[in-house]
Amino acid sequence: MTDAADTDHCASLVRALDRDRYVADLFAPADKRGALFALHAFNIEVARVREAITNPMAGEVRLQWWSDALIGNARGDVRSNPIAAALLDAVEAHGLPREALFALIDARIFDLYDDPMPSVNDLEGYAGETSSALIRLASLVLGVAPDRASAEAAGHAGVAYAVTGLLRAFPLHAARGQCYVPLDLLKAHGASREDAISGTPTPGLRAALADMRSLARRHHEEAVAALQSVAPEALPAFLPLALVPGDLKAMERRPYDPFREAPAAPPVARLWRLWRAGRTGRL
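None of these values were measured; they are calculated from a predicted model.

Draft legend 1. Representation of the pattern of salt bridges in the model. Tallied over the entire structure, the rule returns eleven salt bridges. Among the salt bridges present, the one from aspartate 89 reaches arginine 79, with a minimum N-O distance of 2.9 Å. One end of the pair, aspartate 89, is in helix 5 (residues 82-94); the other, arginine 79, is in the loop between helix 4 (56-71) and helix 5, with ten residues separating them in the sequence. Exposure remark for aspartate 89: the relative accessible area of 16% places this residue in the buried category. The exposure class of arginine 79 is partly exposed, given its relative accessible area of 44%. One salt bridge connects glutamate 92 with arginine 98, and the closest N-O pair in it is separated by 3.0 Å.

Draft legend 2. Spatial organisation of helix 3 (residues 30-47). With 18 residues, helix 3 extends 26 Å between its outermost C-alpha atoms, agreeing within 8% with the 26 Å of an ideal straight helix rising 1.5 Å per residue. Across the 18 residues that make up helix 3, a large majority, 13, are buried.

Draft legend 3. Region of the structure containing empty space enclosed by the protein. Scanning the entire structure with this criterion turns up two cavities of 30 Å³ or more. Forming the walls of the largest cavity are 15 residues, and the residues nearest its centre are Arg21, Ile135, Ala237, Phe238 and Pro240. For the lining of the largest cavity, the secondary structure elements donating two or more residues are helix 2 (19-25), helix 7 (120-141), helix 8 (148-168) and helix 13 (235-238). In terms of residues, the lining of the largest cavity owes the most to one element, helix 7, which gives four residues. In the lining of the largest cavity, the residues fall into eleven nonpolar, two polar and two charged. Of the pockets and cavities examined, the second largest cavity occupies roughly 50 Å³. Here the lining of the second largest cavity is built from residues that sort into eight nonpolar, two polar and no charged.

Calculation criteria
- Along each chain, residues carry numbers from 1 onward, in the same order as the chain's sequence is written.
- Residues qualify for local features only when their pLDDT is at least 70, as the model is predicted, and side-chain atom pairs are given and counted only at 80 or more; totals for whole chains, interfaces and linings, by contrast, use all residues.
- The basis for every side-chain value is the complete set of non-hydrogen atoms in the structure, without hydrogens or water.
- A carboxyl oxygen of Asp or Glu within 4 Å of a side-chain nitrogen of Lys or Arg is what we treat as a salt bridge.
- Numbering of helices and strands starts at the N terminus; helices are DSSP runs of H or I of at least 4 residues and strands are runs of E of at least 2.
- Type-normalised accessible area, obtained with a 1.4 Å probe on protein chains alone, sets the label of each residue: buried when under 20%, exposed when over 50%, and partly exposed for intermediate values.
- Helix span is expected to be 1.5 Å times the residue number reduced by one.
- Throughout, the protein atoms alone are placed on a 1 Å grid, and a set of points is a cavity if a 1.4 Å probe fits but cannot get out or a pocket if it is open with protein on both sides within 12 Å along at least five of seven lines; lining residues have an atom within 4 Å of a point.
- Grid points are joined across faces, edges and corners, and a volume is the space filled by probe spheres set on the points.
- Under the scheme applied here, ten amino acids are nonpolar (Ala, Val, Leu, Ile, Met, Phe, Trp, Tyr, Cys and Pro), four are charged (Asp, Glu, Lys and Arg), and all others, including Gly, are polar.

This is how it looks when you write it as structure tokens:
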């Protein structure tokens, strides 16, 4: 049984650093929330490794610790880490596949370096192993069978949410030399990685970012269609998807400089959209 202090620690972290998923988790049955908080707190920990390191190798060591913790080979008392303790309890209680967690950790190695995203296929793969995997795992916590319909819905929803999130975080990534805009999209519009981190929005870069928004919209539409065949119990896992259309629309209002903070709805508006989606089931 998960220690209440561990659950509270995870909930506090998610509430502070991943408000969208925190609110979505509150729509889950009370007995499922602890595992969801643990899952999303773990995601925060591995997603922000770059912010805590001075070189990529140190980041790989931190990520390897999480892999070792999942298989019982980590140094020290793993359960002294409240997030690791809560995550391990969630894995055991809900039969979560460790392979998906290992793949998520491996995908986060990309974040440690400044290598550009090679292609749209690579971006979709990255989103699938991170954002989509979280939705699939959350669905399992919620008791949804791991069938083809739920996997398809999670796949599309994860890509839509991840790509939108990367667009919102574009100013931060550009400032530290990271390029998540696929090179094939940039090249198609006569742009380059250098344009994506230059601080000056060229026409080619704007066109590539528009293609990314179109990609997110397409996956959002396919996710909504696929969800028609998914058990309603899965809704909390998919709720953040309701924020995608509004965020994308905000990026298309003039004037929009992608190197500045990306437009996004105020916290109260985001809360309202999540609450409405949670009540109506319309994403």
